[in-house]
Amino acid sequence: MGSVLPAKTCNSIFLNPLLALYKQQAAKIGLSVDGEFTGGCSDAGWTSAMGIPTLCATGPVGAYAHTERETCFIDTFAERATVVARCCLTL
């Protein structure tokens, strides 16, 4: 079996400023986003467990992740990429 990493919540002192920036940049293009702790598993767990500010799931919106019915809504690609780009330019 693989390693088990401790879960980090959205209340982390390191995450709040990054989440606030993401929410601010999303609002500037008319999107409303919020953070949530899902307890899921992604590569973001590695950096988060090391205390590195990390946001996960900033890509396009979809449904039925990791199943045969997995769907990605193409009309969300540009808006989500724009938010990430705006955050990078602000940092």
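So, here is what we can say about the structure in this document. (Residues numbered from 1 in each chain as written. Predicted model: local features only at pLDDT ≥ 70, side-chain atom pairs only at ≥ 80, totals over all residues. Heavy atoms only, no water.)

## Observations regarding the overall build of the chain
Thought 1: The helix and strand inventory of the chain stands at three helices and two strands.
Thought 2: Each helix and strand of the chain, placed in order from N terminus to C terminus, yields the pattern α-α-β-β-α.
Thought 3: Going through the 91 residues of the chain one by one, you find that 15% of them count as buried.
Thought 4: Considering only intrachain contacts with a sequence separation of at least 6, the fraction spanning at least 24 residues in the chain is 55%. (Helix = DSSP H or I, 4+ residues; strand = E, 2+ residues; numbered from the N terminus. Buried < 20%, exposed > 50% of the residue type's maximum accessible area, 1.4 Å probe, protein only. Contact = heavy atoms within 4.5 Å.)

## A few points about the state of the cysteines
Thought 1: Applying the stated criterion to the full structure yields zero disulfides.
Thought 2: Take Cys87: it sits in no disulfide, and the sulfur closest to it among the cysteines is that of Cys88, at 6.9 Å.
Thought 3: Owing to a relative accessible area of 8%, Cys87 belongs among the buried residues under this scheme. (Disulfide = S-S within 2.5 Å.)

## Brief notes about the side chain of Thr54
Thought 1: With respect to the helices, strands and loops of the structure, Thr54 is situated in the loop between α2 (44-49) and β1 (62-63).
Thought 2: For Thr54, a relative accessible area of 19% puts it in the buried group.
Thought 3: One polar contact links the side chain of Thr54 to the main-chain carbonyl oxygen of Ile52, over a distance of 2.6 Å. (Polar contact = N/O pair within 3.5 Å; in protein donor to acceptor, adjacent residues only side chain to side chain.)

## Overview of a nonpolar patch on the surface
Thought 1: Together, Trp46, Met50 and Ile52 make up a nonpolar patch on the protein surface, roughly 350 Å² of accessible area in all.
Thought 2: Tracing the backbone shows Trp46 in helix α2.
Thought 3: Trp46 gets classed as partly exposed once you look at its relative accessible area, which sits at 45%. (Patch = residues over 30% accessible without salt bridge, like charges linked within 9 Å, V, L, I, M, F, W, Y side chains within 5 Å. Areas by Shrake-Rupley, 256 points an atom, 1.4 Å probe, with all protein chains shown as cover. Salt bridge = Lys/Arg side-chain N within 4 Å of Asp/Glu carboxyl O.)

## Describing the nonpolar core
Thought 1: In this structure, Leu21, Tyr22, Ala26, Leu31, Val83 and Cys87 together form the largest nonpolar core, which totals six residues.
Thought 2: Going through the elements one at a time, α1 (15-28) and α3 (77-90) are the ones with two or more residues in this core.
Thought 3: When residues of this core are assigned to their parent elements, the largest contribution, three residues, is made by α1.
Thought 4: The contacts of Leu31, once residues within four sequence positions are left out, are Ala26, Glu79 and Val83. (Core = buried A, V, L, I, M, F, W, Y, C linked by side-chain atoms within 4.5 Å.)

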